[in-house]
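# Reading the structure
Each chain, letter by letter, is given below.
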Amino acid sequence: MACASFSKLNAPWSPPIDQHSSAKRLVSSSSTRLVSVPTRAVTYLHDLSKPSSQALAYLSSYSTCKRIGIAGASYLCSPAQKRNLVGKTFCTVGVSKYGENVAEYQSHSHATEDKVGVLLLNLGGPETLHDVQPFLFNLFADPDIIRLPRLFRFLQWPLAKLISVLRAPKSKEGYASIGGGSPLRKITNEQAHALKMALEAKNLPVNVYVGMRYWYPFTEEAVQQIKRDRITRLVVLPLYPQFSISTTGSSIRVLERIFREDAYLSRMPVSIIRSWYQREGYIKSMADLIQKELEKFSNPEEVMIFFSAHGVPVSYVENAGDPYKDQMEECIYLIMQNLKDRGVGNDHTLAYQSRVGPVQWLKPYTDEVLVELGQKGVKSLLAVPVRCMTCY
Ligand SMILES: C=CC1=C(C)c2cc3[nH]c(cc4nc(cc5[nH]c(cc1n2)c(C)c5CCC(=O)O)C(CCC(=O)O)=C4C)c(C)c3C=C
Ligand SMILES: [Fe+2]
C-alpha cells in the first residue's frame, strides 16, 4: 500500500475540466471556512490496514497492490492475484493526501486530539417530482456520466439541459410509482446512523457524514460540516460495492477537487475504500439474505436467482478500462460459491438494467433476459439488486 497525493492518482479518463463544480453551484451554494489542524498520517495508515485491528477495520482491508489509484485499482492486480485473493479484500484501500507534497504530509507528526470522520458517498436522488429535472441535469452535466470527447466538452451543459428535459417525464413516472421521490437520502441517513452506532459499540467514536453526488446533501455540504467539526482523519466509503468510473470514480473526483483547493483539507489523511464487493462480510450478508428469501418459496430449489445490476455503457469497460463488469461478475461468483458451500445450488442469472440513450450498454439486458426466462419455463424468480448498498 502506498501513500500518495491525489494529484498523482489521476486515471486516464480524467477530463481536464471539471464542469460539474459549477453545474452544482446552480442548485447548491456553500461557504468555505479554513481551519488548520496538524495531523499524523502514517500511523493511521497502518491502523487502517490491519484487518484484525479495531481501528475501523471492517471498513478497511489489506491491499496487495503496489500502487493505488483513483480507478479502484483491482485491474492493477493480475488475474492470478485476483483469484488467489478470493475471499480476502485486495486493492481497495488507499490513504491519500489531497495535496501535492507527500513528504510534507508525512512530516506533520505532532497531532492534536484525533477526530475521525467517516464520509459515506452516494448518488443522491430527487426528493419530489419537482426535483427530477434539476437532479437529472446535475447527473448528465457530470463528465463521468456523459463522456464527451475533449473537443466537444463545451456542449456538456447544453446537452445536460436537453437530455434532462427529455428524460424527466419517464423518470418522473418511475419516481411517482415509488411514492413521488427517491428514498435514497432517508436510507443513506439510516445507514450512517447504524454505522455510527456499530462503531460506538466497538468503542470507536466517529462522526459519520453523508455526501451525495447529484442531490442534497451534496458532497460539498458534507465536507463543510467535516471542517466545522474539525475532523482530523477521514475514511471515505462510497456506498457502491463495485467500482465504476460513473459512480465511485466520479464521487472521488469531486472530493479530489474540493480537497486539493483547500489548505485544511489538503493536509488531512484520508483513506478511501474504492470497492468492497469481495469483502467476506458483504458476500456473507448477501448470501444470508438470498437464503432467507429462498426459504419463503414452496420449492426453493427451483427458484432462479436473478441478479439485477445497474448497467454502464460498453465503452466504459472496453475503452476506458472501467473494472465494473469484472467486479460485478466476480461478486456474483463469490456469492454463489458462498451459497454452494451451504448446500444451496440454485441456478442464477446476471442481467443489467437502466439503459439511457442510444449507445450499447452492458449485456444481457434485464428486459430481454426476463422474457427469455419466461420462454424457458422458469416459474419462480428471486430478484437480487447488486448495484449499490442502498438499493437492497
Ligand atoms: C446515463 C448514464 C448513467 C450511468 C453511466 C449510470 C451509472 C450508474 N448508476 C448507478 C446507480 C443509480 N442510478 C440511479 C438513477 C439514474 N441513473 C441514471 C443514469 C446513469 N447511471 C439516470 C438517468 C438515473 C435517474 C433515474 C432514471 O431516469 O432512470 C439510481 C437511483 C437514484 C435514486 O433516485 O434513488 C441509482 C442507485 C450505478 C450503480 C451506476 C454504475 C455502475
Ligand atoms: Fe444510474
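The coordinates are above.
Residues numbered from 1 in each chain as written. Chains lettered and ligands numbered in written order. Predicted model: local features only at pLDDT ≥ 70, side-chain atom pairs only at ≥ 80, totals over all residues. Heavy atoms only, no water.

## Thoughts on the sheet that holds strand S7 (residues 304-310)
Strands sit in the order S8-S7-S9 across an open sheet of three strands; the sheet is parallel. Both outer strands of the open sheet, strand S8 (348-353) and strand S9 (381-385), are each paired with one neighbouring strand and no more. The mean inter-strand angle of the sheet, taken between neighbouring strand axes irrespective of direction, is 25°. Running at roughly 155° to S9, helix H10 (residues 280-294) makes contact with S7 and S9 of the sheet. Set on the sheet, helix H13 (residues 366-375) makes contact with S7, S8 and S9; between it and S8 the angle comes to about 145°. (Pairing = 2+ DSSP bridges. Helix = DSSP H or I, 4+ residues; strand = E, 2+ residues; numbered from the N terminus. Axes fitted to C-alpha atoms, helices over the stretch in contact; angles between N-to-C directions. Contact = heavy atoms within 4.5 Å.)

## Details of the pairing of strand S3 (residues 116-122)
Along any regular strand the residues' side chains alternate between the sheet's two faces. Within S3, seven of the seven residues are buried, which leaves it mostly tucked inside the rest of the structure. With burial as the criterion, each face of S3 is covered, one bearing Val-116, Val-118, Leu-120 and Asn-122 and the other bearing Gly-117, Leu-119 and Leu-121. In the sheet, S3 pairs with strand S5 (residues 233-238) via six bridges, with the strands oriented parallel. When the bridges of S5 are listed, Leu-121 appears paired with Pro-238. Summarising the sheet, S3 and strand S4 (residues 207-212) pair through six bridges and their orientation is parallel. Paired with Leu-120 across the two strands is Val-210, which belongs to S4. (Buried < 20%, exposed > 50% of the residue type's maximum accessible area, 1.4 Å probe, protein only.)

## Quick notes on the site of ligand 1
The full set close to ligand 1 counts 28 residues, and Arg-167, Ser-171, Tyr-175, Ser-182 and His-310 are the nearest of them. Arg-167 is positioned such that a nitrogen or oxygen atom in its side chain is 2.7 Å from an oxygen atom of ligand 1. Ser-171 places a side-chain nitrogen or oxygen 2.2 Å from an oxygen atom of ligand 1. In the complex, 91% of the free accessible area of ligand 1, which totals 800 Å², lies under the protein chains. Of all elements in the fold, only helix H5 (132-140), helix H6 (156-177) and helix H9 (245-260) reach the threshold of two or more residues within the shell around ligand 1. At four residues, H5 tops the list of elements feeding residues into the shell around ligand 1. Counting contributing residues, the shell around ligand 1 receives three or more from each of domain 1 (21-39 + 280-385) and domain 2 (129-177). (Near = heavy atom within 4 Å. Polar contact = N/O pair within 3.5 Å; in protein donor to acceptor, adjacent residues only side chain to side chain. Areas by Shrake-Rupley, 256 points an atom, 1.4 Å probe, with all protein chains shown as cover. Domains from an automatic or database assignment.)

## Some remarks on the nonpolar core
Among the nonpolar cores identified, the biggest contains 47 residues, and Ile-290, Phe-307 and Val-386 are the most heavily contacted of them. Broken down by element, the residue count for this core peaks at eight residues, all from helix H12 (residues 324-341). Counting 19 residues, the second largest nonpolar core, distinct from the first, contains Tyr-209, Ile-258, Phe-259 and Met-268. (Core = buried A, V, L, I, M, F, W, Y, C linked by side-chain atoms within 4.5 Å.)

## Examining the environment of Glu-261
As for its placement among the helices and strands, Glu-261 is situated in the loop between H9 and strand S6 (270-273). Residue Glu-261 is classed as exposed on the basis of its relative accessible area of 60%. Sequence separation between Glu-261 and His-193 is 68 residues, and the spatial gap between their C-alpha atoms is 29 Å.

## Quick look at the packing of aromatic side chains
Across all of its chains, the model carries six aromatic pairs by this definition. Centroid distance Phe-135 to Tyr-214: 6.5 Å. Interplanar angle 80°. Geometry classified as edge-to-face. Of the two residues, Phe-135 is situated in helix H5 and Tyr-214 in the loop between S4 and helix H8 (219-228); the sequence distance between them amounts to 79 residues. Consider the rings of Trp-276 and Tyr-282, whose centres lie 5.2 Å apart with planes at 80°: the pair is edge-to-face. Comparing Trp-276 with Tyr-282, the two get one shared label, buried. The structure contains a cluster of three or more aromatic residues connected by ring pairs, namely Trp-215, Tyr-216 and Phe-218. The cationic tip of Arg-147 hangs over the ring face of Tyr-316; the distance from NZ or CZ to the ring centre is 5.3 Å. Geometry around Tyr-365 places Arg-355 over its ring, the cationic atom sitting 3.7 Å from the centre. (Phe/Tyr/Trp six-rings, centres within 6.5 Å; stacked < 30°, edge-to-face > 60°. Lys NZ or Arg CZ within 6 Å of the ring centre and 35° of its normal.)

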